[in-house]
Each structure stands twice: as structure tokens, then as C-alpha cells.
Amino acid sequence: MTLKNVNALITGGSQGLGKVIAEHFLREGANVVICARNKKELSATRDELAKKFPAQKVCARTCDVSDEKLVSGLVAFALRELGSLQALVLNAGIYGPMGPTESVPLDEWRRALDINLFGVLLPCRAVIPHFKADFSRSRGNEAQIKNKSETPHVVSYKKIIILSGGGATNPLPNISSYAASKAAAIRLMETLAEELKEFHVDVNAIAPGALATRLVDEVLAAGPEKVGATFFEKNKQWKEKGAVPLELGASLAVYLASSQSDGITGKLISAQWDPW
């Protein structure tokens, strides 16, 4: 069990990839807090996972990750329920408005940034002080052990894992708010990785590949007139013939949350193509 003694907070954990990540974490011995905006879906997922993994702790709290006050409450809840946090998985995201950039509603465009970018920033800002405090305590304990001429304790790494998307690496015509927000989240990841390296906090991002989730359904519902014929056809094929398995990205998340990846930081890793 590669995640034994790991407590993780997973945003967007009620369905799709977030739910599969939570399931993989629990299977590997972690305890989890999941959050989402839809209370009914969230409660159903929590009950399902708790029944499936009775030996692990599964907690849930509704949260809009773009709301600083709600995010602070979520992190306080996670720390209260689990006692500590070792991993933060930032999976919550939306496509935002679809159509030519100059004509889509500006408030919807901003909303996508609120969720996809600030939904990464705000949980990080809430959790990082706790990660730093744990690092300082570990250093203090290590110094005490050294003074007693005992074997020094190795300071464990904390993990921040961001779920990326195709918009981070390629232009995405007619879904510009998604592309811009995901690209910004990757540069934020790279910056945080540098800021937190000395505190043994690894910050990485996952490109899970094309997934047949609710986002595909949203593209198909929008139609080729809004998203473009090429992108519409790709999504149609993913829906009909299957896409990249959700389990692949979830397995990479387990790896990045485990001690096996200690010291790997500042990377955008493709679950499908990189030799992780």
C-alpha cells in the first residue's frame, strides 16, 4: 500500500477522474477528504467509497473552490477530520463558455478562470502554511535526534498535484477560457515548485489525456458550430469508441503522491505518453 499514512484532500472528487483518483488513493491506504459543489453527488460518492473501503477514512464537504472563505473552511475541515495533510490533489475544473472568443459571455469566461486557476491557487494558499509548519517541526525533531546521537529522521515530502488538460499545451479554438486558465495553472505550478522546493513540497501537474467524462458531453451538446467541426468530431469519437482510461491518470496521481516520486517537482507529466 504505497499511500499508507497519507491523508489527501481531493477537489472535484464526486465524479469522473476525481472520483477515480479518490478510489485509487483509498485502495493504496490513504484517507481522503473529497469536495465538490453538488451536495447530492458528493454524498453519494462518499457513501459509495466509504462502503467499499471501510478500513479507510472518507470525508466529504461541499465547496466552491473559487471562494476563498469556503476553501479555508474546507482545509480546516480536512485537518480536523484527518489530523494532518500530506497531499493536495486539485482536480476541480470546467470548460467554460464555448464559441468565438470575442462573442462568448465575459462573465462566463471569468468564471472559468475563477474555477480552473483560482481553484488551484486558493487551496494551495490555504494548505501551504500547514505544509511549511510540518516541515519546520520535522526539522526540529531531526535536530533533537541528532543531538542524542541517534539515526536522523528523514523529512517526508508533501505533495501538490494539479490536473491539467489539453488547453495547457496546445491552442484550443473556441474554448479559450479553458485553454488560458489551464496554461496559467501550469505556470503557477512551476512557480510554486520553485518556491516550495526547500520545504520538501513537490508540486507537479498531470495531463491525463483525452477522457470520456462530462466535459465530452458538454462539447457534444454545444455542437460543431460553437466548438469547431474538428474538435467536435474528436469528442464524438471519444464518446463512441472510448478514450484514455481514467485509471491511467489516477495511477499517475498515486505515484506523485507517494514517496516513490520524492524530489520530482515542477513537471507537467503526460499519463499517456511520458515514461513515468
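Report follows, based on the coordinates. (Residues numbered from 1 in each chain as written. Predicted model: local features only at pLDDT ≥ 70, side-chain atom pairs only at ≥ 80, totals over all residues. Heavy atoms only, no water.)

## Thoughts on the sheet that holds strand 4 (residues 87-90)
What counts here: By this definition, two strands are paired if DSSP reports at least two bridges between them. Numbering of helices and strands runs from the N terminus; a helix is a DSSP stretch of H or I covering at least four residues, while a strand is a stretch of E covering at least two. Every angle, taken between N-to-C directions, lies between 0 and 180 degrees, and every axis is a line fitted to C-alpha atoms, over only the stretch in contact when it is a helix. Whether two residues are in contact is decided by their heavy atoms: any pair within 4.5 Å suffices.
What the seven strands build is an open sheet, ordered 3-2-1-4-5-6-7; its pairing is parallel. Among the strands making up the open sheet, the edge pair consists of strand 3 (58-62) and strand 7 (268-270). Sheet twist, expressed as the mean angle between neighbouring strand axes with direction ignored, is 20°. With three bridges connecting them, strand 6 (residues 201-207) and strand 7 associate as parallel partners. In the sheet register, Ala-207 faces strand 7, and the bridge partner there is Ser-270. Along the sheet, helix 1 (residues 16-27) makes contact with strand 1 (7-11), strand 2 (31-36), strand 3, strand 4 and strand 5 (158-163), crossing strand 1 at roughly 170°. Here helix 6 (residues 176-196) sits on the sheet in contact with strand 5, strand 6 and strand 7, set at roughly 160° to strand 6.

## A word on the nonpolar core
Going by this rule: Side-chain atoms within 4.5 Å link the members of a nonpolar core, which is a set of buried Ala, Val, Leu, Ile, Met, Phe, Trp, Tyr and Cys residues. Three labels apply to residues, based on accessible area from a 1.4 Å probe with only protein chains included: buried if under 20% of the type maximum, exposed if over 50%, partly exposed otherwise in between.
Judged by nonpolar contacts, the single largest core of 43 residues is most densely connected at Val-33, Leu-85, Cys-124, Ile-160, Ile-162, Leu-196 and Val-203. Elements supplying a minimum of two residues to this core: strand 2, helix 3 (68-82), strand 4, helix 4 (106-116), helix 5 (118-147), strand 5, helix 6 and strand 6.

## Structural notes on empty space enclosed by the protein
Rule in force here: Here a cavity means grid points, on a 1 Å grid over the protein atoms only, where a 1.4 Å probe fits yet cannot get out; a pocket means an open set of points with protein on both sides within 12 Å along at least five of seven lines; lining residues are those with an atom within 4 Å of a point. Grid points are joined across faces, edges and corners, and a volume is the space filled by probe spheres set on the points.
According to the stated counting rule, one finds one cavity of 30 Å³ or more in the structure shown. Of the pockets and cavities examined, the largest cavity occupies roughly 50 Å³. Lining the largest cavity we find Leu-90, Asn-91, Ala-92, Asn-116, Val-120, Ile-162, Leu-163, Ser-164, Lys-182, Ala-185 and Ile-186. Mapped by element, the contributors of at least two residues to the lining of the largest cavity are strand 5 and helix 6.

## Quick word on helix 4
Note on helix geometry: an α-helix contains 3.6 residues per turn, so any two residues three or four positions apart are oriented the same way. The line we're drawing: Arc, as used here, means the arc of the directions from the helix axis to the C-beta atoms.
Those residues of helix 4 lying buried are Ala-112, Ile-115 and Asn-116. The buried side chains of helix 4 occupy one side of the element, clustering within an arc of 85° when seen end-on. Pointing more than 90 degrees away from the buried face of helix 4 are the exposed residues Leu-106, Asp-107 and Arg-110.

## Looking at the packing of helix 1 against helix 10 (residues 246-257)
The geometry of a pair of packed helices is captured by two quantities: the angle between their axes and the separation between those axes. To be explicit about the condition: Orientation labels follow simple angle bins: below 35 degrees gives roughly parallel, above 145 gives roughly antiparallel, 65 to 115 gives roughly perpendicular, and whatever is left gives oblique. Take the far helix as the reference: if the near one is turned anticlockwise from it by less than a right angle, the crossing is left-handed, and if turned clockwise, right-handed. Side-chain classes are defined by residue name, with Ala, Val, Leu, Ile, Met, Phe, Trp, Tyr, Cys and Pro counting as nonpolar, Asp, Glu, Lys and Arg as charged, and the others, Gly among them, as polar.
Taken N-terminus to C-terminus, the directions of helix 1 and helix 10 make an angle of 50°; their axes are 9 Å apart at the nearest point. Relative to helix 10, the element helix 1 is oriented oblique. Note that helix 1 runs across helix 10; the crossing there is right-handed. Residues Gly-16, Leu-17, Val-20, Ile-21, His-24 and Phe-25 of helix 1 form the contact with helix 10, whose participating residues are Leu-246, Glu-247, Gly-249, Ala-250, Ser-251, Ala-253, Val-254 and Ala-257. For the contact of helix 1 with helix 10, the class distribution of residues is nine nonpolar, four polar and one charged.

## A look at the pattern of salt bridges
In plain terms, the rule: We define a salt bridge as a contact between a side-chain nitrogen of Lys or Arg and a carboxyl oxygen of Asp or Glu at a distance within 4 Å.
Counted under the stated rule, the structure contains 13 salt bridges. In this structure, the salt-bridge partner of Arg-111 is Asp-64, at a minimum N-O distance of 2.8 Å. With Arg-111 in helix 4 and Asp-64 in the loop between strand 3 and helix 3, this pair connects stretches of sequence that are 47 residues apart. For Lys-158, the salt bridge goes to Asp-134, with nearest N and O atoms at 3.8 Å. In this pair, Lys-158 sits in strand 5 while Asp-134 sits in helix 5, placing the two residues 24 residues apart along the sequence. Taken individually, Lys-158 and Asp-134 each receive the classification buried, so the pair is uniform in this respect. Here the salt bridges share partners, and the residues they tie into one network are Glu-23, Arg-27 and Lys-52.

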